[in-house]
Amino acid sequence: MESRAVPEPGFRDSVNLMFNRAVALMDLSPGLEEKIRVCNSTYTVRFGVRLRGQIQTFTGYRSVHSEHMEPVKGGIRYALSVTQDEVEALAALMTFKCALVEAPFGGSKGGLCIDPRQYEEHELEQITRRFAYELIKRDMINPAQNVPAPDMGTSEREMAWIADQFARMNTTDINANACVTGKPTHAGGIEGRTEATGRGVQYALREFFRHPDDVAAAGLSGTLDGKRVIVQGLGNVGHHAAKFLSEEDGARIVGIIERDGALLSPQGLDVAAVHAWIRGHGGVTGYADAHYVEDGASVLEAECDILIPAALEGVIHLGNAARIRAPLIIEAANGPITAGADDVLREKGTVVIPDLYANAGGVTVSYFEWVKNLSHIRFGRMQRRQEEARHQLVVDELERLSADSGVGWTLSPGFKERYLRGADELELVRSGLDDTMRVAYQAMREVWHDREDVKDLRVAAYLVAIDRVAQSYRAKGL
Ligand code: NAD
């Protein structure tokens, strides 16, 4: 990451500062406030794996921020930057994120200090299984207590290894598959989980643009159509967000920032082509149909309508916040804006759609997957054909009425096929995600607009979330 001119608090302190700003506007007892703020526990594990003829030692963490609801939920990250501070900050964000989107979980997060690109697939499997073993034997992976998911550097592949490891160690647990989410569909996963976080970013922006007042607050107007978007990180989240926004909403992806530089194109980049190039070449360098900028981070400051940081935390900081030109930022990554930068942006009038909300699509669909695993049945399996049969009745009746009355009405082309088709799992998942993103935005927005002392969506999001966590603790008698 680029060097910073001004020293700033770490990620954990940054999350605390944001929490403090919100909680100062609430009327919680100091004891309860502290209980909600602190991270309950962090387990550090060091384990050895024999690789390439020698034992290599790895360090991993699983942090539980709040157990006001169980299981606790949160991804497992593979990156060299993983530290206790980072994992605790991310676990805290999970608590508030789950509360905001009403996913019935406490907050947790895990991380392994490793650069996954340095290992062969079979080596990563060995390392993942060993890490999972260490966590499973302490119930830090368990369908009823702690359910991980993918995050930076991990994907459905790692989740499948973790699920299999759990099943091997708990051979009679009928709910074993619910011990982790984000699994491949052929291994107990759910349709739409891989795309879910990026899809959620799209639904969040669509909901934002349904409210002209909010759009105007960012100094923008109209719809997503034609909006210039810059995305940082074309990984799982960034790629899906960029793909859906450009293919389905008419947004123009004018910039893509990756580890090795950035691509700019005022006409809009071909997201699929850039994605394929990165897969084949390990970065954006050498991609022909765009202007290449070596100092990728500088492109965060380029002119656009919407900036989507979707890579990692702390990329917008006191050193560059004042130069950010995007009037609207949606935090697809966790913690991309430091607490200090957040103040600068608020002063400038930049509207920030906060991480708590913006990237909650992942945990939302993880929740659906967990429910699917516990119910042992695919969503829609019982209703789909019955729904189709009832729709068929209506279509038959309309056609009979039209024929009998002699008016000669005809149904619009394509209507019959679309109306008759019952929803499959993917459609149901997308519908559930869309509803979740809309309802959560409306809860945040109400606080943002109704309270004089709330100046931004982040504070509004924390207020909604902290209040729900507090209610849950109170209900337990705390
Ligand atoms: P990923 O590993 O799939 O993708 C990260 C991308 O960012 C990669 O393409 C990587 O090359 C790029 N990147 C890394 N460092 C960079 C840098 N310094 N500058 C520019 N690009 C850089 O990870 P992901 O799962 O897409 O997660 C991205 C962010 O979204 C993280 O903050 C994560 O916590 C958050 N998130 C992910 C999910 C999920 O479901 N995967 C859910 C919620 C939040």
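Residues numbered from 1 in each chain as written. Predicted model: local features only at pLDDT ≥ 70, side-chain atom pairs only at ≥ 80, totals over all residues. Heavy atoms only, no water.

**A few points about helix α16 (residues 457–475)**
Because each turn of an α-helix spans 3.6 residues, side chains separated by three or four positions end up pointing in the same direction.
Here comes step 1: Over its 19 residues, α16 runs 27 Å from end to end, which matches the ideal 27 Å to within 8%, given 1.5 Å per residue.
Here comes step 2: Most of α16 is tucked away: 14 of the 19 residues are buried.
Here comes step 3: Residue Asp456 occupies the N-cap position of α16, its side-chain oxygen lying 3.3 Å from the main-chain nitrogen of Arg458.
Here comes step 4: Gly477 sits one or two residues past α16 and shows a positive phi near 90°. (Helix = DSSP H or I, 4+ residues; strand = E, 2+ residues; numbered from the N terminus. Expected span 1.5 Å × (residues − 1). Buried < 20%, exposed > 50% of the residue type's maximum accessible area, 1.4 Å probe, protein only. Polar contact = N/O pair within 3.5 Å; in protein donor to acceptor, adjacent residues only side chain to side chain.)

**Let's talk about the side chain of Arg129**
Here comes step 1: Its location among the elements puts Arg129 in helix α4 (residues 121–136).
Here comes step 2: In this structure Arg129 comes out as buried when scored by relative accessible area, which is 14%.
Here comes step 3: Reaching out from Arg129, the side chain makes a polar contact with the side chain of Asp164 at a distance of 2.9 Å.
Here comes step 4: In this structure Arg129 touches Trp161, Asp164, Gln165 and Arg168, once residues within four positions along its chain are discounted. (Contact = heavy atoms within 4.5 Å.)

**Examining the nonpolar core**
Here comes step 1: Counting residues in hydrophobic clusters, the biggest one holds 92 residues, and the most contacted among them are Ile36, Phe96, Leu205, Ile308, Leu328, Tyr462 and Ile466.
Here comes step 2: The element best represented in this core is α16, accounting for twelve residues.
Here comes step 3: Once residues lying within four places of it in the same chain are set aside, the contact partners of Phe96 are Phe19, Ile36, His65, Leu356, Tyr462, Ala465, Ile466 and Val469.
Here comes step 4: Formed by 27 residues, the second largest nonpolar core is a distinct cluster that contains Phe47, Phe58, Leu135 and Ile136. (Core = buried A, V, L, I, M, F, W, Y, C linked by side-chain atoms within 4.5 Å.)

**A few points about the site of the ligand**
Here comes step 1: Taken together, the neighbourhood of the ligand is formed by 22 residues, with Arg77, Asp151, Thr197, Glu258 and Asn334 sitting nearest.
Here comes step 2: Within the contact set of the ligand, an oxygen atom lies 2.7 Å away from a side-chain nitrogen or oxygen of Asp151.
Here comes step 3: One of the backbone N or O atoms of Val237 is found 2.9 Å from an oxygen atom in the ligand.
Here comes step 4: Expressed as a share of its isolated accessible area of 820 Å², the protein-covered part of the ligand is 86%.
Here comes step 5: Looking at the shell around the ligand, the elements with two or more residues in it are α8 (236–249) and β7 (252–258). (Near = heavy atom within 4 Å. Areas by Shrake-Rupley, 256 points an atom, 1.4 Å probe, with all protein chains shown as cover.)

**Considerations on the domain arrangement of the chain**
Here comes step 1: When its domains are assigned, the chain resolves into domain 1 (41–187), domain 2 (219–349) and domain 3 (380–475).
Here comes step 2: Distance from the C-alpha centre of domain 1 to the C-alpha centre of domain 3: 32 Å.
Here comes step 3: Contact between domain 1 and domain 3 buries roughly 990 Å² in total, counting both sides, with carbon and sulfur atoms accounting for 72%.
Here comes step 4: Per-residue buried area on domain 1 facing domain 3 is highest for His68, Phe96 and Leu100; these three make up 55% of the total on that side.
Here comes step 5: Put simply, domain 1 and domain 3 have four residue pairs in polar contact (both at pLDDT 80 or more) between them.
Here comes step 6: For the side of domain 1 that touches domain 3, the element with the most residues is helix α3 (residues 84–100), which contributes five residues.
Here comes step 7: Residue composition of the side of domain 1 that touches domain 3, grouped by class: six nonpolar, three polar and two charged. (Domains from an automatic or database assignment. Buried area = accessible area lost by both parts, 1.4 Å probe. Nonpolar A, V, L, I, M, F, W, Y, C, P; charged D, E, K, R; others polar.)

**Here we look at the packing of aromatic side chains**
Here comes step 1: By the definition in use, this model includes 13 aromatic pairs.
Here comes step 2: Taking 5.5 Å as the distance between ring centres and 55° as the angle between the ring planes, the aromatic pair formed by Phe96 and Tyr462 counts as tilted. Taken together, the positions of Phe96 in helix α3 and Tyr462 in helix α16 put the pair 366 residues apart, joining distant regions of the chain. Summarising the burial analysis for this pair, Phe96 and Tyr462 share the class buried.
Here comes step 3: One aromatic cluster is present, built from ring pairs that chain together Phe47, Phe58, Tyr119 and Phe131.
Here comes step 4: Over the ring of Phe244 we find Arg199, and its NZ or CZ is 3.5 Å from the ring centre. (Phe/Tyr/Trp six-rings, centres within 6.5 Å; stacked < 30°, edge-to-face > 60°. Lys NZ or Arg CZ within 6 Å of the ring centre and 35° of its normal.)

**Re the packing of helix α6 (residues 196–208) against α8**
Here comes step 1: With their axes 7 Å apart at the nearest point, α6 and α8 run at an angle of 45° to one another. One finds that α6 runs oblique with respect to α8. Viewed along their axes, α6 and α8 form a crossing whose handedness is right-handed. Packed against α6, whose contacting residues are Thr197, Gly198, Arg199, Val201, Gln202, Leu205 and Arg206, the element α8 presents Val237, His240, Ala241, Phe244, Leu245, Glu248 and Asp249 at the interface. (Axes fitted to C-alpha atoms, helices over the stretch in contact; angles between N-to-C directions. Parallel < 35°, antiparallel > 145°, perpendicular 65-115°, else oblique. Left-handed = near helix turned anticlockwise from the far one by under 90°.)

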